[in-house]
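Spelled out, the chains give:
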Amino acid sequence: MLLTTVAQNALAQSAGGTAPIAVPEIVVSAPPKYDPYGGKYNGAVAETSDVTGTNKPILDTPRSVYVVTPQTLQQQMPQSLVEAARSIPGVYAGNGTGGNTDYLTLKGFEVNTTDAILIGSGNGLLVDGVRAPMNRALNANSNSVEVLSGPASYLYGYSSEGGVLNVNRKLPLPEAHYTAEFLGGLPSGDFKNFAGSIDATGPLYKTADGVFAYRFVASASKNDPWRTGNPVSRDELIAPTLAYYSDMVTSVLAYEHGQNRQPYDRGVTSFNNAPLNIPRTISYSEEFSNYSEKYDWVHGHTDYNLDENTDFHLKYSYASTLMNQSVIRSDNQTDFNAATGNLKRYYSTNGPDGRLTDQGLIGFSGAHRFDTGILHHEVQAGVDYYEAKLTERDVYNSKSFDGFNLYNPIYGQANIPALTATSHPAGEPLSLQKIRELGVFAQDAVTLGKLTLTGGGRYAQIYEYQRYAGSTQTDYTSYAFLPSVSALFKINDRASLFADYAQSYRPNIYATGLGVNLKFVGPILPQQGTGYEGGIKAKFLDGKLLAQASVFRIDKTNVQTLIGSALTFQQAQRSEGVALSLLGKVTPNLDVNVAYSHQRVWVTDDIATNNTIGKQVVNAPSDIFALFGAYHFMDGRLDGLTLSAGLSGATRNAVDSKNTFFLPSYVVANAGISYSFKPQPGGPLTTLSFKVNNLFDTTYYPSSGSKTNWITVGDPRTFLFSMRVSL
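About the cut-offs
- Residues numbered from 1 in each chain as written.
- Predicted model: local features only at pLDDT ≥ 70, side-chain atom pairs only at ≥ 80, totals over all residues.
- Heavy atoms only, no water.
- Helix = DSSP H or I, 4+ residues; strand = E, 2+ residues; numbered from the N terminus.
- Rg over C-alpha atoms; globule rule 2.2 N^0.38 Å.
- Buried < 20%, exposed > 50% of the residue type's maximum accessible area, 1.4 Å probe, protein only.
- Contact = heavy atoms within 4.5 Å.
- Areas by Shrake-Rupley, 256 points an atom, 1.4 Å probe, with all protein chains shown as cover.
- Salt bridge = Lys/Arg side-chain N within 4 Å of Asp/Glu carboxyl O.
- Pairing = 2+ DSSP bridges.
- Axes fitted to C-alpha atoms, helices over the stretch in contact; angles between N-to-C directions.
- Polar contact = N/O pair within 3.5 Å; in protein donor to acceptor, adjacent residues only side chain to side chain.
- Phe/Tyr/Trp six-rings, centres within 6.5 Å; stacked < 30°, edge-to-face > 60°.
- Lys NZ or Arg CZ within 6 Å of the ring centre and 35° of its normal.

Moving on, we come to the overall build of the protein chain. When helices and strands are tallied, the protein chain shows five helices and 40 strands. Scaling as 2.2 N^0.38, a compact globule of 727 residues should have a C-alpha radius of gyration of about 27 Å, and the protein chain matches this with 25 Å. Structurally, the protein chain occupies a C-alpha span of about 70 × 60 × 45 Å along its principal axes. Counting all 727 residues of the protein chain, 60% fall into the buried class. Across the protein chain, the fraction of contacts at a sequence separation of at least 24, relative to all contacts at a separation of at least 6, is 69%. Of the roughly 27100 Å² of accessible surface on the protein chain, 59% is carried by carbon and sulfur atoms.

So this is what it looks like as structure tokens:
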């Protein structure tokens, strides 16, 4: 259970007119001048989104855009990024590095971190509009979560075909605000999990033209595992931010230091094409099987408004991330002996030096609005440069070893054979990977009456390099033009129709890792995506309720596939379906959030002998849904009380690319209650919250790591309690 994130999100308060967690909607006066969130959120409904690259209202954006606002995060108390994004249609849990990093799928295609792309996976996960330098993006410093659906390389360079998911960090506020939180949890009947966090913000110095402001967020947690054999997890965060706001300039400089240690639990094994029927608390891991990360990140942006029609934007980022992992794993059903209970296991580690990733980005863009006759233009253009380098000194692997019985597990007695280091020349690392990307983009949105047509694209140059075990595997430069075309018809002030077409790309990197060493066959080609989408958006009840519906199709080519034990790039995949979203206030007392997607994601082409054509892609169920409601009592003796409940689930999910078997459908229920009050007039606002996740203690298996013994088991019934004090 990732209890840290609960406390962190419970602190994710934006003072721009949004309500604190579980508090009835508060009527406030106009936000203070220079409030960075002024007018941005209307409770659970976002008016604009940062992920689109413009400040246009969501109704005026010709793409599917979804935002999980601060109020929604506070009410739902998500424990992970997957849970936070569950109210966005098409988002589903992936399975990477034992479930301790952010692996998701969006419309069936992987969205994950920079470290993942550098070892051959998806990307598309952003933090403050740049590629996430950490592997757990949701923390105490998170303010909101956004998704731009479909290919988005024209804005962000290489990324997932399904879209990009952006986690916004908190910004300093021009008025003082202080919050402290304590949270405890009972995942297995023992009160052993604790988390605490603080969030302080306010003005530093006011001038005649603007204000300097600060924000300081810190958190720490300690969580005992609910599955046997796993280590205790710990998480720490320090995040100071400075900002300057004026009528012409907004400038933000932020630093974030985080470190965590999590269990590396590959999940459950399978037998007879189903998860093994043993207590879900039993893992085949060991206490030394863990994933640890430490990162330092400096980033910021400066926006300059020359006049009401012209503005310029500068963004920059630099991060260094050190990751260490030690892995106990079991790969396939054949590793398990059902008669005896013996499980064959393997051990791998990248040693004390770990894997070091350094990455940086700088980008400059501008926008100008003008008229030519009866046409209104909004032109955007920009250039950005990104560079990343990954160094892994060594990887050590063991041969398989026995001595572990799933029917009677005994931990701490693993008889691991001697480790063998992957051979490489002295004086150089085992693996060195580099990516450099230079992109130039431009677009023009032309409006005539109710119709807006937008056309543009990105021209990108990307350099990829990898040297592995003394051999240069990749060393080439590629070029791509990525067009984007869209149309939006504004029916009225409350509804619009849209359609869009866009392309994406991302590099295919030589696949290496713990226990992995594959060779290439044929030319190394980048993965390419082509997306089509059309839909409608509408607001109801004075803008407090937002509905979106769309149909989509995304084709993905040059996907890595195997010929024996070698890699080639001849697989193609397709995702098509519908996405529905409804969120906001149905009545002054009742909030609702509904997300549903129906999709078919399958392999359309591959090497014939792989037997994957027509098969469902892993972690891409046909139907995904989430439903959440909260009722606020706003007068009488129950004033300040909130009752909430939710359901989420999915249909069956393929366990591997050959669809050897499917993980069953599931539905999980949550419920909560909170009470907010002020002990005395003018005193601090105190909120007490109690929540039960997996209310009916359902056993379910949400995702697979593409192997029959890498099956994630969902958390059991979990009780959460928090106390938050805000000034």
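Its location among the elements puts Gly403 in the loop between β21 (396-397) and β22 (420-421). Residue classification places Gly403 among the exposed positions, given a relative accessible area of 66%. Separated by 13 residues in the primary sequence, Gly403 and Ile416 place their C-alpha atoms 9.6 Å from one another.

What follows concerns the pattern of salt bridges. Inspection of the entire model under this criterion finds 25 salt bridges. Asp60 is the salt-bridge partner of Lys490, the closest N and O atoms lying 2.9 Å from each other. Highlighted residues: Lys490 in strand β25 (residues 471-492) and Asp60 in the loop between β2 (45-46) and β3 (65-68), separated in sequence by 430 residues. In this structure Lys490 comes out as buried when scored by relative accessible area, which is 18%. Across the pair Arg553 and Asp555 runs a salt bridge, and its minimum N-O distance is 2.9 Å. For Arg553, a relative accessible area of 32% translates into the label partly exposed. Several salt bridges share partner residues, and in doing so they unite Glu161, Arg506 and Lys556 into one network.

Let us now look at the sheet that holds strand β4 (residues 91-93). Spatial strand order, β4-β5-β6: three strands in an open sheet with antiparallel pairing. A single partner strand is all that each edge strand has here, and the edge strands are β4 and β6 (109-111). Each adjacent strand pair in this sheet contributes to an overall mean axis angle of 40°, direction not counted.

Where strand β35 (residues 641-650) meets strand β38 (residues 666-677), 10 bridges bridge the pair, whose relative direction is antiparallel. Residue Leu647 lies in a different strand from β38, and its bridge partner there is Ala669. Where β38 meets strand β39 (residues 685-693), seven bridges bridge the pair, whose relative direction is antiparallel. Within β39, the residue paired with Ile673 across the bridge is Phe690.

For the rest of this paragraph, the subject is the side chain of Asn693. As for its placement among the helices and strands, Asn693 is situated in strand β39. Residue classification places Asn693 among the buried positions, given a relative accessible area of 6%. Here the side chain of Asn693 touches Lys691 through a polar contact of 3.4 Å, side chain to side chain.

Right, let's talk about the sheet that holds strand β9 (residues 142-149) for a bit. Taking strand neighbours across the sheet as the criterion, the five strands line up as β3-β9-β10-β7-β8 in an open arrangement whose pairing is mixed. Bordering the open sheet on either side are β3 and β8 (130-131), each of which pairs with just one other strand. Sheet topology note: the strand β7 (residues 125-127)/strand β10 (residues 163-169) ladder contains three bridges and is parallel. When the bridges of β10 are listed, Leu126 appears paired with Asn166.

Let us look at the pairing of strand β14 (residues 233-246). Inspection of the sheet shows strand β13 (residues 210-223) paired to β14 by 14 bridges, in the antiparallel sense. Counterpart to Ser219 in the pairing with β14 is Leu237. Two strands pair when backbone bridges link them, and β14 and strand β15 (residues 249-263) are joined in this way by 10 bridges, in the antiparallel orientation. Its bridge partner lying in β15, Thr241 is registered against Ala254. What sits between the antiparallel neighbours β14 and β15 is a turn of two residues.

So, about the packing of aromatic side chains. Applying the stated criterion to the full structure yields 15 aromatic pairs. The interplanar angle of 70° and the centroid separation of 6.1 Å between the aromatic rings of Tyr158 and Tyr386 together place this pair among those described as edge-to-face. Here the residue Tyr158 occupies a position in the loop between α5 (153-156) and β10, and Tyr386 occupies one in strand β20 (residues 375-392), the gap between them amounting to 228 residues. Each member of the pair Tyr158 and Tyr386 is classed as buried. With 6.1 Å between their ring centres and 10° between their planes, Phe312 and Phe364 make a pair best called stacked. With Phe312 in strand β17 (residues 310-329) and Phe364 in strand β19 (residues 355-372), the pair connects residues that are 52 residues apart, well separated along the chain. An aromatic cluster of three or more residues is present, and its members are Phe271, Phe336 and Tyr407. Taking the ring centre of Tyr386 as reference, the NZ or CZ of Arg131 above it sits at 4.3 Å.

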